[in-house]
Amino acid sequence: MKISIRGKISLAFMIFISLSALIWARSYYSQYILNQKIQIIERKYDLFNAILEARRYEKNYFLSFDRKNIAEALNYVRQAEDILRNILKEYGKYTLAKNLDQSITELVTYKESLTNLLNFQEEGHLMVPPNIIELIRKQGRILTNKLEKIVKKESDFTRDLIGKSQTIHLLALIPVFILSVLVALFLVFSVNRPLKTIENAITKIASGDFENIPEIKTGDEFESLAYSLNNMIDELSKRNKQLVQAQKLASLGKLTSGVAHELNNPLNNISTSIQILIEEIEEDGLEYKKELLVGAEKEVERGKEIVRSLLEFARERTLTLKQVYFLDLINRAIKHVKPEIPDNIRLKVEVPDNIQATIGLRIRSVIINLITNAVHAMKDGGEITIRAYNELDKDGFSFQVIDTGEGIPEKIISKVFDPFFTTKEVGKGSGMGLSIVYGIMEQHGGSISVSSEVGNGATFTCFLPFHQPDQRDL
Ligand SMILES: Nc1ncnc2c1ncn2[C@@H]1O[C@H](COP(=O)(O)OP(=O)(O)O)[C@@H](O)[C@H]1O
Ligand SMILES: [Mg+2]
């Protein structure tokens with residue numbers, strides 16, 4: 001039979017509550033009995049004390065033969081009788097009553113003997129016969145002994161009862177303990193495990209791995225949850241594929257329109273120059289014609305530059321890997337860009353000499369591009385810092401190119417990696433640099449990000465794994 005988690009938890013709670021109620025009732029009952037017993041013991045002590053008093057006066061009488069003593073003794077005996085009857089009436093059920101019944105007979109006999117003695121005295125007899133004295137003494141002794149025993153028995157019984165009730169309490173806690181352990185085990189196996197499975201699957205989804213949750217066959221809410229989650233994962237995976245496709249098409253569209261636009265300008269200029277040349281070929285003005293040709297040549301150069309960066313962007317995608325010290329690679333890149341760095345820009349290199357990685361040499365282009373952009377952003381001079389550090393927990397290292405230039409406005413920071421995005425004037429930047437950089441980092445299984453504040457420079461942070469799992473194709 002399959003029970004839902006709610007059912008299982010309710011059942012456990014019901015058992016808990018019933019057990020607690022039982023223990024509570026049991027404890028209330030023993031408390032009640034103990035209370036009764038303590039009251040009985042107190043009353044029995046009163047009884048015992050009354051008899052002791054009666055016997056004290058009895059003894060006094062036999063020493064002085066003063067009648068007042070007998071009257072006193074009788075008084076105490078009557079008191080004792082009252083107490084005894086009272087105990088039987090009030091606590092009959094809870095006291096060891098059999099002995100008390102017998103004591104009543106003995107008490108009554110003792111009372112009768114004392115009454116007889118008093119009558120005998122009132123009749124004017126002066127001497128009491130020794131057999132009567134002996135009888136009364138004997139009856140008194142038996143009564144005291146008996147009552148002493150009864151009180152002791154009642155105390156022993158009560159002490160015993162306290163011990164027993166403690167044991168019962170301890171024993172009653174055992175099922176509660178066992179039940180607690182069972183509930184804890186149930187929570188671990190029925191709740192914690194499936195939750196862990198689901199949590200793992202969701203973490204995977206968050207990292208882009210749309211793998212289905214392993215089947216959960218518990219027959220409860222978790223099974224249906226896993227089922228719904230799997231449906232959701234399938235749907236997400238489908239949507240994700242569609243999204244990637246849409247993004248691909250969008251960037252292809254952007255690229256095509258960018259290329260068309262960029263190439264159109266130089267082609268137009270060339271075309272105009274050639275048309276003028278054709279029309280005026282017969283006429284004079286050699287200087288002017290030369291100027292037109294030089295202009296056309298410049299535009300051809302611009303067209304070639306655009307095509308060159310397009311080719312770099314789309315270049316063969318297989319990586320040629322080499323094990324290098326990262327510091328060496330940095331130094332070579334710096335050597336390459338040094339001539340373009342003006343004197344008012346300082347270059348600081350904070351790269352440890354022990355970072356070694358198996359990477360493609362295109363990483364050099366990444367650094368050259370980042371340094372060139374930094375130089376362009378610091379028209380009035382400043383400082384470029386190149387920093388690198390190990391990220392051993394990620395099995396790779398990071399490097400940063402930090403400048404103190406104009407910074408990137410928040411509005412455009414998300415676009416800087418787009419192909420053909422540039423803020424530079426026509427002919428200065430093609431807008432392809434960072435998109436090429438982005439592609440190279442991706443190809444290496446790494447990543448690049450940028451943070452910047454206008455007026456406070458920009459920081460480009462790149463991560464690279466130490467090893468490439470295999471040759472990647474994009
Ligand atoms: N270090 C930097 N500081 C400020 N802006 C930058 C920096 N690097 C890049 N950018 C911005 O990103 C844009 C795109 O850069 P990039 O792709 O290299 O193209 P390009 O350098 O040809 O403009 C630049 O035009 C510039 O606006
Ligand atoms: Mg650039």
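Because the structure is a prediction, the values reported are computed rather than measured.

About the criteria used
- Residues numbered from 1 in each chain as written.
- Chains lettered and ligands numbered in written order.
- Predicted model: local features only at pLDDT ≥ 70, side-chain atom pairs only at ≥ 80, totals over all residues.
- Heavy atoms only, no water.
- Axes fitted to C-alpha atoms, helices over the stretch in contact; angles between N-to-C directions.
- Helix = DSSP H or I, 4+ residues; strand = E, 2+ residues; numbered from the N terminus.
- Parallel < 35°, antiparallel > 145°, perpendicular 65-115°, else oblique.
- Left-handed = near helix turned anticlockwise from the far one by under 90°.
- Contact = heavy atoms within 4.5 Å.
- Nonpolar A, V, L, I, M, F, W, Y, C, P; charged D, E, K, R; others polar.
- Salt bridge = Lys/Arg side-chain N within 4 Å of Asp/Glu carboxyl O.
- Buried < 20%, exposed > 50% of the residue type's maximum accessible area, 1.4 Å probe, protein only.
- Phe/Tyr/Trp six-rings, centres within 6.5 Å; stacked < 30°, edge-to-face > 60°.
- Lys NZ or Arg CZ within 6 Å of the ring centre and 35° of its normal.

## Focus on the packing of helix H7 (residues 326–337) against helix H8 (residues 363–376)
Moving on, step 1. Between H7 and H8, the shortest axis-to-axis distance is 9 Å and the interhelical angle comes to 50 degrees. Taken together, H7 and H8 sit at an angle that is classed as oblique. At the point where H7 passes H8, the crossing takes the right-handed sense. Contacts from Phe326, Leu329, Ile330, Arg332, Ala333, Ile334, His336 and Val337 in H7 reach Ile363, Arg364, Ile367, Ile368, Ile371 and Thr372 in H8.
Moving on, step 2. Residue composition of the contact of H7 with H8, grouped by class: 10 nonpolar, 2 polar and 2 charged.

## Topic: the pattern of salt bridges
Moving on, step 1. The tally for this structure, following the rule as stated, stands at 21 salt bridges.
Moving on, step 2. Two residues, Arg67 and Glu122, come together in a salt bridge whose shortest N-O distance is 3.7 Å. With Arg67 in helix H2 (residues 67–91) and Glu122 in helix H3 (residues 97–122), the pair connects residues that are 55 residues apart, well separated along the chain.
Moving on, step 3. Residue classification places Glu122 among the partly exposed residues on the basis of a relative accessible area of 49%.
Moving on, step 4. Residue Lys196 is joined to Glu199 by a salt bridge in which the shortest nitrogen-to-oxygen separation is 3.7 Å.

## Some thoughts on the packing of aromatic side chains
Moving on, step 1. This structure, assessed with the given rule, holds 11 aromatic pairs.
Moving on, step 2. Each ring, one from Tyr61 and one from Phe65, has its centre 5.4 Å from the other, and the planes form 75 degrees; the classification is edge-to-face.
Moving on, step 3. Residue Tyr61 is classed as buried on the basis of its relative accessible area, which comes to 1%.
Moving on, step 4. The exposure class assigned to Phe65 is partly exposed, which follows from its relative accessible area of 37%.
Moving on, step 5. The interplanar angle of 35 degrees and the centroid separation of 6.4 Å between the aromatic rings of Phe397 and Phe399 together place this pair among those described as tilted. The pair formed by Phe397 and Phe399 is uniform in burial state, with each residue classed as buried.
Moving on, step 6. Taken together, the ring pairs connect Phe326, Phe397, Phe399 and Phe466 into an aromatic cluster.
Moving on, step 7. Directly above the ring of Tyr57 sits Arg56, whose terminal nitrogen or CZ lies 5.1 Å from the centroid.
Moving on, step 8. Positioned above the aromatic ring of Phe463, the side-chain terminus of Lys394 is 5.0 Å from the ring centre.

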